[in-house]
Amino acid sequence: MFKPVMWVRKDTQNDNMFWPSDEFKKKAWVKDESLYTEATKDPAAFWAKLAREGLEWFKEWDETYQWKPPYYKWFLNAKLNVSFNALDRHIKTWRRNKAAIIWVPEPPNEKERVLTYFDLYREVNRFASVLKSLGVKKGDRVGIYLPMIPEVQIAMLACTRIGAIHSVVFSAFSGKSLQERMVDAEAKVLVTSDGYYRRGKQINLKVEADKGVEGTSIEKVVVVKRVGLNVNMVEGRDYWWHELLENADNYCEPEPRDSEDPIFILYTSGTTGKPKGVEHHTGGYAVQAYWTTKWDFDLHDEDVFWCTADIGWITGHTYGCYGPLLVGATMLEYEGAPNHPQQDRWWSIVETYGVTVFYTAPTAIRMFMQWGENWPSKHNLDSIRILGTVGEPINEEAWLWYFNKIGGGRCPVIDTWWQTETGGTLINSLPGIGPFIPTVAGRSFPGTSHDILDETGKPVPPGEGGYLVQTSPFAPGMLRNIWKNPERYKEYFRVYGEEYYYTSDGARRWDEFGNIRLTGRVDDVMKVAGHRLSTAELENAITSHEAVVECAVVASPHDIKGEVPIAFVTLKKETEPSDQLKKELIKHVDATIGPTARPDRIIFSNELPKTRSGKIMRRILKSLVRNQPVGDTTTLMNPESVQQLKEEVGFKG
Ligand code: WTA
């Protein structure tokens, strides 16, 4: 029988403030305030307790936390191995035969694949042995350019097992993007596949991988046969995954890693044209991944957890690989598109596999809203007990639709705020505690603290907005560096000084209990359909086309994708603007970054508005695409350019 587990508190002005029911609390890992109180009293001691309880260490730390601004360390001189914690630990228990990964291929007639913890253990050991035989050593970088197939988790854990540092690149990024990242990471080996399925099509990934390997230090390429495409294999460089595994050892000793050894690098977009390699370290990352997975999603052994994020993003790393496996959970992985063969594919998967905890992005929710509630209502979604969102601010309408149409009004919506840099979630309400308020993420995770400051560095009062910062002790899973670029790391601690990690996010202090509403990026980083992109990177890509003289990209609000890039482009004198050229520029963006970065609109203009010193005034372009007053243009070198642009854009403001 359907039982509501959530109830609305009527004694507030906010009708849409929800709290967990007593029945829900009964089962929850965290159900009362005492945990927050304990954590606040001594955050380092609190994390030490969690570290001991959650993971098995080969050697304990001498010191829990050290802070030498702008650097911090956790669990100093401790030794552990994350693959050991995600696998070896579980196969010694009843979890040995528990499903670790339920993999659902995109073609609806193809069968799912279920890997038990023992299956995963065996495959990781074998692939770790393969990596070793290819000459990969502790500290070497391994590129992983794979679609959503279990080999991606196997490859990641195999790296972790031998102490190699993986750098996963989103499979929808172009070969050129891959190459740029592999050069920076100085990778030795690349793991990729022949291809994958997307919306019923076979996508050839190996062609892009080949472009990505060119001119890098990559010596060997391992290719997973997923689709059976006829691909080019380079003699002496490329090897089939399945052939290498034939003779691989079934056991590979897990390498003891120092808590502060890097576990992986993940490239993300900053405000410059060059992506930055966010570096995470072993011990702290694993502890935060473990506890945020367990508590945010209240994961129990009988749960089926589905995080829909691609592995190429941090959400895929922490909640589509490390977190659930460290906890010993069953997780679902789906290869393809949400609308293949029809717009109810996700809900059909939820029903078939009885997914209980479902974690996705607001952009996906808005897409489903647009497709209509008939699609989810065709399926029984009663198995779901917790919903999560991540990646961008969620609007109230989408929150309520998710809560009512997917969660049947009985599941908490956990709105998790975090970043590639933070490694794991940091601001959200816990399911057994609440409150769940549309557009309000919640409080700092126990043992971490955030503040919201105004321009002058003063904390803002409740109800006011400002800039979100994190204060020491910094969360254990936070980045430790930017790969080979400490100067860029230091930028996080420059805005308000070394005491504050600056998030580049706007936020509003919701109430006096520490609840926070996030309002979006305040720098030139866009979130397009939840994907993090830099305007500068896109500008570089467009200007690298031979017909282009100059380009400025700004983000414009979008009903479904949250934000979309709009490109203002000035062409070379001899070039005629045309729709054909727009198409060509889009193709050029696909090849340079990937289709996720495609501008929503390209606007040709003879001139871009500039200051007297020649700087493009992006502020004016932003106002134009938002139909907002452009303000004072008298300080411009070319105020007449604004009039021309108004016509091009169709400005109504
Ligand atoms: C945004 C994704 C509002 C934010 C895990 C942040 C959010 C950026 C939320 C990081 C949320 C993420 N509410 N905004 N719940 N979660 N963001 O590195 O602007 O891809 O700075 O990490 O996403 O994006 P990234």
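Residues numbered from 1 in each chain as written. Predicted model: local features only at pLDDT ≥ 70, side-chain atom pairs only at ≥ 80, totals over all residues. Heavy atoms only, no water.

Caption draft 1: Summary view of the pattern of salt bridges. Counted under the stated rule, the structure contains 43 salt bridges. One salt bridge in this structure joins arginine 385 and aspartate 298, with 3.5 Å as the shortest N-O distance. In this pair, arginine 385 is assigned in the loop between helix H14 (374-377) and strand E21 (386-390) and aspartate 298 in the loop between helix H10 (282-296) and strand E18 (304-307), connecting sequence segments 87 residues apart. Each member of the pair, arginine 385 together with aspartate 298, is buried. Members of the salt-bridge network, linked through shared partners, are Asp119, Arg122, Glu123 and Arg126. (Salt bridge = Lys/Arg side-chain N within 4 Å of Asp/Glu carboxyl O. Helix = DSSP H or I, 4+ residues; strand = E, 2+ residues; numbered from the N terminus. Buried < 20%, exposed > 50% of the residue type's maximum accessible area, 1.4 Å probe, protein only.)

Caption draft 2: Examining the sheet that holds strand E26 (residues 500-509) more closely. If you trace the four strands from one edge of the open sheet to the other, you get E23-E24-E26-E27, paired in antiparallel fashion. One side of each edge strand has no neighbouring strand; the edge strands of this open sheet are strand E23 (449-453) and strand E27 (516-521). With strand direction ignored, the average angle separating the axes of adjacent strands in the sheet is 45°. Direction of pairing for E26 relative to E27: antiparallel, over a ladder of five bridges. The partner of glycine 506 across the bridge, within E27, is glycine 520. (Pairing = 2+ DSSP bridges. Axes fitted to C-alpha atoms, helices over the stretch in contact; angles between N-to-C directions.)

Caption draft 3: Local environment of the site of the ligand. In the region of the ligand, 17 residues are neighbours, and Asp415, Thr420, Asp505, Lys527 and Arg532 sit closest. Within the side chain of glutamine 419, a nitrogen or oxygen atom sits 2.9 Å from an oxygen atom of the ligand. Within the side chain of arginine 521, a nitrogen or oxygen atom sits 2.8 Å from an oxygen atom of the ligand. Protein chains shield 98% of the accessible area of the ligand, which is 530 Å² for the free molecule. Going through the elements one at a time, helix H11 (314-327), strand E22 (413-416) and E27 are the ones with two or more residues in the shell around the ligand. Tallied by class, residues from the shell around the ligand come to six nonpolar, five polar and six charged. (Near = heavy atom within 4 Å. Polar contact = N/O pair within 3.5 Å; in protein donor to acceptor, adjacent residues only side chain to side chain. Areas by Shrake-Rupley, 256 points an atom, 1.4 Å probe, with all protein chains shown as cover. Nonpolar A, V, L, I, M, F, W, Y, C, P; charged D, E, K, R; others polar.)

Caption draft 4: Spatial organisation of the packing of helix H5 (residues 117-133) against helix H6 (residues 150-162). For the pair H5 and H6, interaxial distance at closest approach is 8 Å and the crossing angle is 65°. Considering only the axes of H5 and H6, their crossing is right-handed. Between H5 and H6, the residues in contact are Leu120, Tyr121, Glu123, Val124, Asn125, Phe127, Ala128, Leu131 and Lys132 and Ile154, Ala155, Leu157, Ala158, Cys159, Arg161 and Ile162, respectively. Within the contact of H5 with H6, the residues separate by chemical class into twelve nonpolar, one polar and three charged. (Left-handed = near helix turned anticlockwise from the far one by under 90°. Contact = heavy atoms within 4.5 Å.)

Caption draft 5: Fine view of the pairing of strand E20 (residues 357-360). Neither face of E20 is open: one carries Val357 and Tyr359, the other Phe358 and Thr360, and all of them are buried. As paired elements, E18 and E20 share three bridges and run parallel to each other. When the bridges of E20 are listed, tryptophan 306 appears paired with phenylalanine 358. Looking at chain direction, E20 and E21 are connected through four bridges and run parallel. For threonine 360, the partnering residue across the bridge sits in E21 and is threonine 389.

Caption draft 6: Focus on the packing of aromatic side chains. The final tally for this structure, using the stated rule, is 49 aromatic pairs. Taken together, the ring pairs in this structure connect Phe46, Trp47, Trp57, Trp61, Tyr65, Trp74, Phe75, Tyr290, Trp291, Trp295 and Phe445 into an aromatic cluster. The ring of tryptophan 240 carries lysine 225 above its face, with NZ or CZ at 4.7 Å from the centroid. Positioned above the aromatic ring of tryptophan 29 is the side chain of lysine 294, whose terminal nitrogen or guanidinium carbon lies 4.2 Å from the ring centre. (Phe/Tyr/Trp six-rings, centres within 6.5 Å; stacked < 30°, edge-to-face > 60°. Lys NZ or Arg CZ within 6 Å of the ring centre and 35° of its normal.)

Caption draft 7: Local environment of the environment of alanine 158. With respect to the helices and strands, the residue alanine 158 is situated in helix H6. In this structure, the C-alpha to C-alpha distance between alanine 158 and aspartate 303, residues 145 residues apart in sequence, is 25 Å. Those residues in contact with alanine 158 that sit more than four places away from it in its chain are Val124, Phe127, Ala128 and Leu131.

Caption draft 8: Region of the structure containing the confidence of the model for the protein. Per-residue confidence for the protein gives a mean pLDDT of 95, with 98% of residues at or over 70. Within the protein, the element-level pLDDT minimum falls on strand E1 (residues 6-8), averaging 60, and the maximum on H6, averaging 99. (pLDDT = per-residue confidence, 0-100.)

Caption draft 9: Expanded view of the environment of threonine 268. Examined against the element boundaries, threonine 268 turns out to sit in strand E16 (residues 262-268). Here threonine 268 is in contact with Pro275, Lys276, Val278, Thr420, Glu421 and Arg532, once residues within four sequence places are set aside. Looking at threonine 268, its side chain comes within polar contact range of the side chain of arginine 532, at 3.2 Å.

Caption draft 10: Representation of helix H20 (residues 640-649). All of the buried residues along H20 are Ser641, Val642, Leu645 and Val649. For H20, the arc enclosing every buried residue in end-on projection is 95°, short of the 170-degree limit, so these residues lie on one face. The inward-facing, buried residues of H20 abut strand E31 (562-571), strand E32 (601-604) and helix H19 (618-626). Glycine 650 lies just past H20 and shows a positive phi near 80°. (Arc of directions from axis to C-beta.)

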